[in-house]
Every structure is written in structure tokens, then in C-alpha cells.
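# Topology and contacts: notes
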Amino acid sequence: MVNRLRELIATSITQNGNINSWEETRNLYSVYTYVSFLVMALKSIDGKVTDIKDRALGLKIENEENIEWIFSQPGSEKIAEEVARFVKDKEITDINGLYQDFLSVDFIVYNNQVGFTGGKNSRDTLGSYYTQEDFAYEISKKAIEEYIANCSEESDKIKVVDFSCGGGAFLLAAKKICDEKNRKVDLFGVDVDPIAIMITKIRLINEHVDVSNMHIYLGNPLLKSNGQNNSRDSFIMAIKGRYYNSNLGIDIDDSYDIAIGNPPWEKIRFEEKKFLSHYVRSELIDTKKNRDICVACASEDNRDFYSAMVIDYDNAKNEIKKNNEFKDTRAGELNTYALFTEYALNHVLSNGIVGLIVKSSLLKMPVYSEFMKHNMSSKNLFEVYMFVNRKKIFNIDSREEFSVVYYKKQNKKDLQIAVDIEEYKGFYDRKKIGISCEMLDLLNPETSMLPNISNNEELNFLCDIYTHNPTFGEKYKDCRFGRLVHLTSHSQHILRQYQEGYLPIYEGKFIELYTGKYATFKDMSMHEKYKSKATARAIVDVTGEEYPESRYYIDSEVWNNLSKNFNDGFVIAWRSLTSATNRRTMLATVLPLLPTCQSIQLLQMNENDDMIQILALFNSIVFDYIVRLKMAGLDLTQTIVKQIPVPPDVNYENTVVFHGKEDKLKNHITSRLRFLYADDIRVNGLFENCYNYEIADKSRKQVIAELDSLIGYLYGLSKEEIKRIAKSFNKYYTNKEVEQWF
């Protein structure tokens, strides 16, 4: 059904519109989609596909002005008739599911006609991901039950709001739950998508919700009304995809008993590549330079539409940054899930409940530390359920984490969290871990964010290790951090082929534990090198004479300027894009100072002894284990590194007998590092003036395991504790290796 619907819409746009006009194409796409789903949604009520305009007005699906505007657009009456004929004998049972399916494929212009292709730019622009109805029910049930239990006296009606209601899953769930509990409910919803608004209203009508008890509005809650908004202007801007235009601003002065939902998970920024991909072939917009050329060569009308979109986003960001409604979540790059959460808290009553699905980074990323501190100290945040997406509850990266968060304004208890949840059925019955505000101050003194713990044993381990060791930031105060070359931002200074005056750029693919010789682009075809998500060829012998060959080269003068805060010595470099579920999370090496792209972060100390300490620490399983318990998202940033506890200098002077050799811990460590880097002539100078003894007749992995034990002793861990940590890295160490080496 959906594929046929796409064919009808694509054909109608091609026949009735000027497909060389970006704005007109987008406008007709949305108009025809709206009309098509209006026909199907109305059919879902009573099976009829006639009198569409009159029935939409009679049911108050939309006002007369907007309905007249929609059907005044070229071809809209005709496509309504075609869709009506097509669906006349078809049963429409899940209009929201049909719409979500429709959004999963994008419209594109190619060969002077409109079609549909794989991708989800429309959904990404909205930042919305379909919430399964049962999941919405479970979340809403918990919120409503908490509210009822929290109320000292029964209210006449429960006021429930979803500020990003989409197709109405949460509002329908709230209606069903309140019916089950014999409670009256007023339902409020807001969304920027007029089709989602229409679907929500019709679904509520199908559930026999009286019009007086449903209040569903088109608008963007993150934007204030400009005081001159009218329904038609807002509707037209939304149809054109200008969701951050000021006409979509909405003033909500009311307060609610319960706020629920799945707010969008987008960054508020104009994604030019996604925008252009509807109208221009992908190979013409693959780089920033090419996109700039594309826009510059576009017609004046197309440039105006493009510029209007850019201005909408810029104005919205500026307004939000100044709006005290978002005083704790407007820091850094604006993320909608954080902004919506603070907005919801500001619009529930003093005994209200908020229950939302958010990205777990809201609870872990330092940028939200003020928001976290405020809600921990006030005890507003009372329960968190952390999900891993391994079973694809949402159609996003399986490594991504999201959480169901509950805020209760009159809560008196410490935060309770449940972790590592894969399925949503009965999620609120999972065993929970209690975390106090004082614990978070100890574990993350700078941010008070949540660690990645899965049980009380891990929580106790972290508390103990933080009590007895300084953090990286406290010990290495003079450390210089950097992430220097950005392949997109600096693209005008980067070539794909070497030329004199240009330097090769190192990528994260080249780095592994204790080596910068892990992979190369040598002897690979151009297609293999530069295709999306290209994989470098592994270097068979990291102890051999082969070194990585790059695929990008940067102007040496530009590099000299970018690296001016670093000296010409050595740097510690690590892969920044990683995950707490990878074989190893921290992968680091020492390199001479050279151009590195954004997939690598690096640091530098003035003293080589400090560099040697950090090199061994970063690659150790103990440091890695702590990183796993602390890391949010997929980016191992310097902020995370600075908060990891590290052994004090005095511990390096401790003398121990290790594998039959009595020496200081620092000498045991340096000797093994020198062994691992003996075949990399670029970094031999780091160990020039260091005392070391010979390591012989051992494999690289065995020496790495010995370093892991030595670092464990530096932290003051017992052999049993080190062995337990080694077992947790079962994708790296086999059971046999753990028993043999630990």
C-alpha cells in the first residue's frame, strides 16, 4: 500500500509542479502526503472516502482556512480522488504505522522526475523515531500510577500532555489507562508536523474521545510565539518543512499533571547535505566545497529557499539560547531531547510527574551537568531505566543507549536506576540500584553525571578507586589536549593525492593497542578508499617495516597553524569514536606530532616520563574498565579522560618482584613499553633516557597482559580484582589467557 501511495505522490508532483524549484517540490510533496493520509485517516473512522473536506471540517481535524489552502494547491483534488479509489476496498487499521512506514523512504528529484529512495532525512529532520504502542503504554502507565499515588486528593480530571505527540501513541495510552482506572482525563498534544497532528486527532476520535477533552496544537514548543502568528502561516511553514520558523512558535502558559512522550532526538542545526540530497545527486554534494558550489550555482529562488531554512535555524538557536525556560539545557550544541525535558519540568504542577524517553547522554554527558545537579539536589529525578538498543527497539545504531526517565517534584528518596534493559515489557519491575547525590559528587566531581554501572559491585569499585586516587585532571594539570584536523571543516586545505607541501593525515583506523601501525590504505582502489564507511586494510605484522599510507593530505602551513600549541615531540593519540561494548574501548599509542583527523584525539605533556605513564595507563584494562563505567555515547572525549582516577606518582616508586625480577613498578612498565615499540623507529626517542631491562621470549599479547597486571598493582588492586577485570574483557582475553597470565 505504501509503495503505491509513493508512486501516486511522486507522479503527481512531477505532473503538477516545477521540479526545478526546491520550495515548490517540497510544498507539493507535503500537500499530497497530507491529502493522502487525510483520505485514509477519515476512512479508518467509518470506511468512507467521500466528502473529505466537509468531514475534516465537521470533525475539527483542521480549520477551514487551512483545508481550503491545502485543496487550492494544484493537483490536490485529483490526488484525493486517486487515493480514495485506491483505498476504497482496503482496510485501514493502523494509520500511524502506515505514516511511519511512509516516512522511512525519502523523496528525491532525478532525471526530471520525482521518486523515492532509501533514507530517512524527513524523519531525521523531525528528529522523531516511532515509539511502539506497547512501549508508550508501559511508560504512561508508570507515570499515571505514580501521579495517582502521589496525589493527596483526587482531582476532577488528570491533565496529560505530550509536547511532541507525533501520531498520538502516548495520548492514546493515557486515555486507555485512565479509562482502566476510572479516571477522567484531558489530553493535550503539540507537534510541528501537521500530518501527525491530523493522525492524532483522528485516532483519538476513533477511541471516542470527546472533542472538548482533546487539545491538539500545531507548533514548536521550543519557540516563543512572535505575537503575530496565525494558523495559516504556521500551517504553511510546517508544510514546507520549516519547523523552526518563528511562525511555529507557541506560548503554553498552562501547567499539567503529567507530561509524557518521546521528544525528538535531533541537534538543532541545519543539515545542508540532507536538505540538498532531495534535489541534487549525491556525488555532487559529497563535500562541503561541492555543496557550496551547488548552492552558489542554484537559481535565485532555490537559493532564497535554502537561505530561509538556514535563517530559521539560526534565529531559533539564538532565541533558545536566550530563553531562561532552558537555562540548564541550552549549553553547547542544542539537543532537542534535553530542551524538551526541561520544558516539560517547567510545565507540570508542583505535584506533577514527567515520564519521557531520552537519549542516555542527558544523564551522562558533561554538557548537561547543571541540569543533572539541579535535579539530583532537588531529588526531582527519581527513577531511570537505561536501555541498550541491541534488540532494535528503535531503528538506530544498536550501540546507542536511551533511557526512560521519571521526574517527580515532591520526591524525597534517592535516585533509583535500572540498567542494561533490552526489552520494554514490564521494564519498571527491573532490579534497581540506589545512587545518592553525594555518590555522584565523588564519582564525577566536575559534572555529577551518571556512570555506566550495572550492579552494586561496580558502584562500590568506583567509589573505592575514586577515594584512593586523584583524577587525571588533578594529576596532569599541564596536559595539552587536541582534536586538530577536521576533514569537513578543513576540506578546502585537504587533497586526496599527495603533493609537495602537503602532509599525510593520520586516521583512527591506523591505531590499535600500543601501535600506530595497525592499518593502511596502500594498494586499495579509489572506490575502496573513499566510499562511505571505508575500511582500511589491516597491516599483517605490526612489528614489521610497513607503516600506514594515508588517503588524505593537508597543507603543511595550515597544519603548522593548527598545531601551534604543541611542540615537535611526541603525542599520545587515541581513537575517539568507540563504545563501551567494543572489544576494547580505549585504543591508544604514541606518535610523533603529525596531522591527525577528528577520529583521533591527542594529548601532550612536557615530560617524557609523564607521557610514558599515560601511554601505559590508557591501554591498560583497569583504565579501560573505568572508562567503560564512565563513558557516555560513542565519543571518548578529553572531559571523560580528565575525570578518570589515576595512580599517584608515589606508587610508581614501589618495588615489587614481578616475573622473577625485583625492580620499581615504573621500570617494569617502561621495559615492556620499550619492547612493544622496538620496531617503530618514529618513537624510539621517547624511551632514549629511560632505564629498562630486556624482555625476551614473550609474545606481544603476553607483554600487554603483564602491563595490565602492573597497572592494576599501581592502582592498589589485588590479583583477584585484576583477574575479575580481565575476565570482563572476554572479547579480548580468552578464559585460557586469563588463567595463564593473570
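To be clear, the structure that these remarks concern was listed above.
Below: a short report on this structure. Every value quoted in this text rests on a predicted model; they were computed, and no experiment measured them.

## As for the overall build of the chain
- Within the chain one finds 30 helices and 22 strands.
- Here the C-alpha radius of gyration of the chain, 29 Å, is about what a compact globule of 742 residues would show, namely 27 Å.
- For the chain, the spread of C-alpha atoms along the principal axes amounts to about 90 × 65 × 45 Å.
- Per-residue burial over the chain gives 58% buried out of 742 residues.

## So, helix 11 (residues 231-239)
- Here helix 11 has its buried residues at Ser234, Phe235, Ile236, Met237, Ala238 and Ile239.
- Against the buried residues of helix 11 lie helix 2 (22-46), helix 4 (64-72), helix 10 (194-206) and strand 5 (214-218).
- At the exit of helix 11 stands Gly241, carrying a positive phi of roughly 80 degrees.

## Brief notes about the state of the cysteines
- Overall, the coordinates contain zero disulfides when judged by the stated rule.
- In this model Cys151 remains outside any disulfide bridge; the closest cysteine sulfur is found in Cys178, 11 Å from its own.
- For Cys463, which is in no disulfide, the shortest distance to another cysteine sulfur is to Cys437 and amounts to 13 Å.
- Relative accessible area serves as the criterion here: at 14%, Cys463 is assigned to the buried category.

## A word on the packing of helix 2 against helix 6 (residues 95-103)
- Here helix 2 crosses helix 6 at 155 degrees, and the two axes come no closer than 11 Å. Judged by the angle between their axes, helix 2 and helix 6 are roughly antiparallel. Pair helix 2 / helix 6 crosses with right-handed handedness. Residues Tyr29, Thr33, Phe37, Met40 and Ala41 of helix 2 form the contact with helix 6, whose participating residues are Ile95, Leu98, Tyr99, Phe102 and Leu103.
- Class assignment of the residues belonging to the contact of helix 2 with helix 6 gives a composition of nine nonpolar, one polar and no charged.

## Looking at the sheet that holds strand 13 (residues 494-495)
- Reading across the sheet, the three strands line up as 13-17-14 and stay open at both edges, with antiparallel pairing between neighbours. The open sheet is flanked by strand 13 and strand 14 (502-504), the only strands paired with a single partner.
- As defined by bridge partners, strand 14 adjoins strand 17 (residues 553-555) across three bridges and the pair is classed as antiparallel. The residue of strand 17 that forms the bridge with Tyr502 is Asp555.

## A word on the pairing of strand 9 (residues 401-408)
- Of all the eight residues making up strand 9, seven are buried; the element is thus mostly covered by neighbouring parts of the structure.
- The pairing of strand 7 (residues 348-359) with strand 9 spans seven bridges and is classified as antiparallel. Bridging across to strand 9, Lys359 finds its partner in Phe402.
- By the bridge criterion, seven bridges tie strand 8 (residues 381-388) to strand 9 in an arrangement that is antiparallel. When the bridges of strand 9 are listed, Val388 appears paired with Glu401.

## Let's talk about the sheet that holds strand 19 (residues 588-592)
- The sheet built from four strands is open, its strands ordered 12-20-18-19 with antiparallel pairing. Each edge of the sheet is formed by a strand with only one pairing partner; in this case those strands are strand 12 (480-482) and strand 19. Averaged over all pairs of adjacent strands, the angle between their axes in this sheet comes to 30 degrees, without regard to strand direction.
- Note: strand 18 (residues 570-575) against strand 20 (residues 600-604), four bridges, orientation antiparallel. Considered in strand 20, the bridge of Ala573 is made with Leu602.
- Strands strand 18, strand 19 and strand 20 of the sheet are contacted by helix 23 (residues 608-618), whose axis makes an angle of about 15 degrees with strand 18.

Here is what the cut-offs are and how they apply
- Residues numbered from 1 in each chain as written.
- Predicted model: local features only at pLDDT ≥ 70, side-chain atom pairs only at ≥ 80, totals over all residues.
- Heavy atoms only, no water.
- Helix = DSSP H or I, 4+ residues; strand = E, 2+ residues; numbered from the N terminus.
- Rg over C-alpha atoms; globule rule 2.2 N^0.38 Å.
- Buried < 20%, exposed > 50% of the residue type's maximum accessible area, 1.4 Å probe, protein only.
- Contact = heavy atoms within 4.5 Å.
- Disulfide = S-S within 2.5 Å.
- Axes fitted to C-alpha atoms, helices over the stretch in contact; angles between N-to-C directions.
- Parallel < 35°, antiparallel > 145°, perpendicular 65-115°, else oblique.
- Left-handed = near helix turned anticlockwise from the far one by under 90°.
- Nonpolar A, V, L, I, M, F, W, Y, C, P; charged D, E, K, R; others polar.
- Pairing = 2+ DSSP bridges.

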